[in-house]
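The chain contents come next:
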Amino acid sequence: MTQPIDMGHTRSASIDFSASAWGYTKLWLINVLLTILSLGLYGPWAKVRNNQYLYGHTSIDNHRLQYLANPMQIFIGRLLAVGVLLIFWGASAFWAPMIFIGPLLFIAAMPWLIVQGIRFTYRNTAYRNVRFNFHGNYWGACLNFIILPIVAAVTLYLLMPWVIKRIHQFMFGNCSYGDRDISLTTDTGEYYKAALIAFALSIIFFLVAFLVIATPLAGYTAASEAGNDMAAYAALGAMLPLFIIIYFASFLIQAFFIATIRNHIVNNLEAEGLAKFTSEITVTGYLKMMIINGLLILFTLGLAFPATKVLKLRYLSSKTTVHLEPAIDHVSNTVEGSSGAFGEEAAGVFDSDFSVV
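Along every chain, residues carry numbers that run from 1 in the direction the sequence is written. Totals for whole chains, interfaces and linings use every residue, but because this is a predicted model, local features are given only for residues with pLDDT of at least 70 and side-chain atom pairs only at 80 or more, for both listing and counting. To obtain the side-chain values, all non-hydrogen atoms of the structure were used and water was disregarded.

Q: Where do I start with the packing of aromatic side chains in this structure?
A: Any two aromatic rings considered together are summarised by their centre-to-centre distance and by the angle between their planes. Between 30 and 60 degrees the pair is tilted, below 30 it is stacked and above 60 it is edge-to-face, where a pair is any two Phe, Tyr or Trp rings, Trp via its six-membered ring, whose centres lie within 6.5 Å. What the rule picks out here adds up to twelve aromatic pairs. Ring geometry for W45 and F75: centres 5.6 Å apart, planes at 50°, overall tilted. Here W45 is found in helix α2 (residues 43-56), whereas its partner F75 is found in helix α3 (residues 71-94), with 30 residues between them in sequence. The class for F75 is buried, based on a relative accessible area of 19%. Residues Y122 and F134 carry aromatic rings whose centres are separated by 6.0 Å and whose planes lie at 5° to one another, so their mutual orientation is stacked. On the criterion of sequence distance, the pair formed by Y122 in helix α4 (residues 98-123) and F134 in strand β6 (residues 130-134) is long-range, its members being twelve residues apart. We note that Y122, like F134, is buried. Among the aromatic residues, ring-to-ring pairing joins Y122, Y127, F132, F134, F145, F170 and Y177 into one connected group. To qualify as a helix, a DSSP run of H or I must reach at least 4 residues; to qualify as a strand, a run of E must reach at least 2; elements of each kind are numbered from the N terminus. Each residue's exposure class comes from its accessible area (1.4 Å probe, protein chains only) as a fraction of the maximum for that residue type: buried when under 20%, exposed when over 50%, partly exposed otherwise.

Q: Explain the nonpolar core here, please?
A: Nonpolar side chains in soluble globular proteins tend to be buried together. Among the nonpolar cores identified, the biggest contains 43 residues, and Y127, F134, Y177, I182 and L274 are the most heavily contacted of them. In terms of residue count, α4 provides more of this core than any other element does, five residues in total. Among residues more than four places away in sequence, those in contact with Y127 are I60, D61, H63, R64, L65, F132, Y177 and L324. Within this scheme, the nonpolar core is defined by two criteria: the residues are buried Ala, Val, Leu, Ile, Met, Phe, Trp, Tyr or Cys, and they are joined through side-chain atoms within 4.5 Å. Any two residues whose heavy atoms approach within 4.5 Å are treated as being in contact.

Q: I tried to follow the environment of D187 on my own but got confused; where do I start?
A: Along the polypeptide, D187 turns up in the loop between β8 (180-184) and α7 (188-226). Not counting residues within four places of it along the chain, the set of residues in contact with D187 comprises K165 and H264.

Q: Just checking my understanding: could you explain the packing of α4 against helix α5 (residues 138-154) for this structure?
A: Two measures define how a pair of helices packs: the angle their axes make with one another and the distance between the axes. Note on method: axes are straight lines fitted to C-alpha atoms, helices fitted across the in-contact stretch only, with angles between N-to-C directions ranging 0 to 180 degrees. Two numbers describe how α4 lies on α5: the axes approach to 8 Å, and their chain directions differ by 110°. If you check the angle between α4 and α5, you find them roughly perpendicular. Read as a crossing pair, α4 and α5 show a hand that is right-handed. Contacts from I107, A108, M110, P111, W112, I114 and V115 of α4 reach α5 at Y138, A141, C142, F145 and I146. Each residue receives one of three labels: charged for Asp, Glu, Lys and Arg, nonpolar for Ala, Val, Leu, Ile, Met, Phe, Trp, Tyr, Cys and Pro, and polar for the others, Gly being one of them. Residues belonging to the contact of α4 with α5 are distributed by class as follows: twelve nonpolar, no polar and no charged. When an angle is under 35 degrees it counts as roughly parallel; over 145 it counts as roughly antiparallel; between 65 and 115 it counts as roughly perpendicular; any other value is oblique. Helix crossings are classified by the rotation of the near helix relative to the far one: an anticlockwise turn of less than a right angle makes the crossing left-handed, while a clockwise turn makes it right-handed.

Q: I would appreciate a short explanation of the pairing of strand β2 (residues 10-17) in the present structure.
A: Most of β2 is tucked away, with seven of its eight residues classed as buried. At least two DSSP bridges between two strands are required for those strands to pair. Looking at chain direction, β2 and strand β11 (residues 320-324) are connected through four bridges and run antiparallel. Considered in β11, the bridge of R11 is made with L324. Of the pairings in the sheet, the one linking β2 to strand β3 (residues 58-60) comprises three bridges and is antiparallel in character. Residue pairing in the sheet places F17 in a bridge with T58 of β3.

Q: Got a minute to help me understand a nonpolar patch on the surface in this structure?
A: Together, F199, I203, F206, L207, F210 and L211 make up a nonpolar patch on the protein surface, roughly 670 Å² of accessible area in all. Relative to the elements of secondary structure, L207 occurs in helix α7. Each patch is built from residues that are more than 30% exposed by relative accessible area and take part in no salt bridge. Like charges join if they lie within 9 Å; nonpolar side chains (Val, Leu, Ile, Met, Phe, Trp, Tyr) join within 5 Å. Using a 1.4 Å probe, the Shrake-Rupley method yields the accessible areas, and only the shown protein chains count as cover for residues. What makes a salt bridge here is a side-chain nitrogen of Lys or Arg within 4 Å of a carboxyl oxygen of Asp or Glu, nothing more.

Q: Just checking my understanding: could you explain the pattern of salt bridges for this structure?
A: Pairs can form between side chains of opposite charge whenever their charged atoms are close. All told, the structure shown has six salt bridges when counted by the stated rule. The salt bridge involving D329 is made with R128; its shortest N-O contact spans 2.7 Å. You can see D329 sitting in the loop between β11 and α12 (342-349) and its partner R128 sitting in the loop between β5 (125-127) and β6, a full 201 residues away along the chain. The partner of K193 in a salt bridge is E190, and the shortest N-O contact between them spans 3.6 Å.

Take a look at the structure:
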């Protein structure tokens, strides 16, 4: 385990992620099997066990993260949500307008579910026995997750980088650790710069793909018109490089945008008087991780999903440093265990909660 480095009054520590890809895969497969055998009833316990494994193998300054959710709470929440869905389904069977009213009610409830889902995850995450909390509200979620994306669509997504920035600020800038607020100060220009470069890369790869496909496509068309099926199939096979280009181009574009924005977010995230963060993700490093994970998913038909999650978290952790202030040792816990409110329980039902790890 990496020891913290003394920097005067501030000490810097890496994030030590010790989870094993095979260890998590075994746990995940067992949990999937038990969930199937129990017709889904074991799902909440599987979710908690999976998160406890990942959180428990994440350590900062020799202190591990904790995932404190109660599986029974999630189970009850899912039962309540299923009950609500059944009520809407029954009402739709006897009152036709409910078919149209139901989706509208769901859209209206989405901001509430998003807020409760984020709050559920934060409140059930602890470091040094101090819980996190989330202070976002319904109208903030409605604005950032529903209204602004619609506005961005109307502007042909010209506003989307700004909307993404707003969503990140809502999710990470409205939380606290114990009695200290966490702030996020990001620059809209950084989002637009990353988006424009990603868009330029897309155009370049589109032109390359067009040039690659032009000759085989012309040969395929000519062979088809001439009735030469063998030549047509050969020309069609020559298009294989196109799919390879598209496959790796999509990874590169994602890697560039995610690495750039993730570094910007982490480097501008601060827990008041407690901690600052440094992220040093590289596009090539993130791209390599994405390609390896993509190939694992492809050749195992999805069974390698848990292993890819571990590999991703291991890479992100290795590129992140936490700079801790002495006050971190004296933070007061202001958040008690979850109150059992339906909102927090229902969040787990619709899988609208968000992972902190």
